[in-house]
Amino acid sequence: MNASVDPAGTVRHVAEHPWFEGAARLGFVANGILHATLGVLAVVVAAGRKAEADQGGAMGALANQPFGMVLLWICAIGALLLGLWSMAQAFLPEKKLKERLKSAATSISFLAVGFTFGRFAAGNPSDSGKTASSFSGELMQTGLGRALLIAIGLGMLVMAGYYIYKGAAKKFLEDLRGSGNKEVSRAVKFSGMLGYPAKGAVLGAVGLLFIVATVQRDPEESSGIDGALKAIQDQPFGPVALIAIGAGLVCYAVFLMFRARYDRME
């Protein structure tokens, strides 16, 4: 006798399993650690000291700490689990198309971060800035590639605006369950209202660099987050702005820690 198989039911059972959901929350912690380190590196750059203030530099800095390699493996596992959990959400048929696309995008993002954490933990680091420049250089060889780069830059500017709006309007609270502790609730609001605009500022700077680099046909200009932060530093009042962004990224990291505890996971 052949038993019928319900793929959607299987995916739902896995996606809604308490153990899977609980383990996936570790991904927010991993993302928080990454952004906190980025924030510290941004302040280091603002102080005029040499540092690679991007994802690769942050992971390299973590690797150099006591038990850093263990921390990198934990972050890799957490990010990958959250990526897989988000992927499962994208396949749930009862969700709206917009929600499924958002889950798919989140899945790709966290799987990529988890993979990068894993590379650093395995002793095979990569230079994020050089990767971005190389990617841009290849695409700049053709008109279609340049159009794609400008589209990527514009997309990042739109995303930057969304992050700034989400922080200013406190829309991030919609992603969370309420806390009965008033002090915790205030801390969540404070960290989100400062953190989201800082994240938006970084995304906006990276998007602008993509566009400028494409117009000038100079792939060295599109050097990712590190290049964006150092470009901010070179502006009038740049160091002050960079310190504010660094502090904001640390606030965003704090918010992500709260999110690991209070996210609705739905």
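Fair warning: this is a prediction, and the values are worked out from it, not measured in the lab.

## A word on the packing of aromatic side chains
Inference 1: For the structure shown, the criterion picks out eight aromatic pairs.
Inference 2: With a centroid separation of 5.5 Å and 5° between ring planes, the pair formed by phenylalanine 172 and tyrosine 196 is classed as stacked. With phenylalanine 172 in the loop between α8 (143-168) and α9 (182-216) and tyrosine 196 in helix α9, this pair connects stretches of sequence that are 24 residues apart.
Inference 3: According to the relative accessible area criterion, tyrosine 196 is buried, its value standing at 2%.
Inference 4: Ring geometry for phenylalanine 172 and phenylalanine 255: centres 5.2 Å apart, planes at 75°, overall edge-to-face. Here phenylalanine 255 lies in helix α11 (residues 238-262) and phenylalanine 172 lies in the loop between α8 and α9, a separation of 83 residues in the sequence.
Inference 5: Note on phenylalanine 172: relative accessible area 0%, which makes it buried.
Inference 6: Members of the aromatic cluster, connected to one another through ring pairs, are Tyr162, Tyr163, Phe172, Tyr196, Tyr252 and Phe255.

## Quick look at helix α3 (residues 26-46)
Inference 1: If you check α3, its first and last C-alpha atoms are 30 Å apart, about what 21 residues at 1.5 Å a residue would give, namely 30 Å.
Inference 2: Of all 21 residues in α3, 16 are buried; the element is thus mostly enclosed.
Inference 3: Phi turns positive one or two residues past the end of α3, at glycine 48, with a value near 85°.

## A short note on the side chain of asparagine 31
Inference 1: Take asparagine 31: it is sitting in helix α3.
Inference 2: For asparagine 31, the residues in contact, after removing those within four places along its chain, are Phe110 and Leu256.

## Observations concerning unusual backbone geometry
Inference 1: A positive phi is found at phenylalanine 67, a non-glycine position, where the angle reads about 60°.
Inference 2: Tracing the sequence through the fold places phenylalanine 67 in the loop between α4 (55-63) and α5 (68-90).
Inference 3: Looking at phenylalanine 67, the relative accessible area reads 72%, which means it is exposed.
Inference 4: One non-glycine residue, phenylalanine 237, adopts positive backbone phi at about 60°.

Analysis parameters
- Residues numbered from 1 in each chain as written.
- Predicted model: local features only at pLDDT ≥ 70, side-chain atom pairs only at ≥ 80, totals over all residues.
- Heavy atoms only, no water.
- Phe/Tyr/Trp six-rings, centres within 6.5 Å; stacked < 30°, edge-to-face > 60°.
- Helix = DSSP H or I, 4+ residues; strand = E, 2+ residues; numbered from the N terminus.
- Buried < 20%, exposed > 50% of the residue type's maximum accessible area, 1.4 Å probe, protein only.
- Expected span 1.5 Å × (residues − 1).
- Contact = heavy atoms within 4.5 Å.

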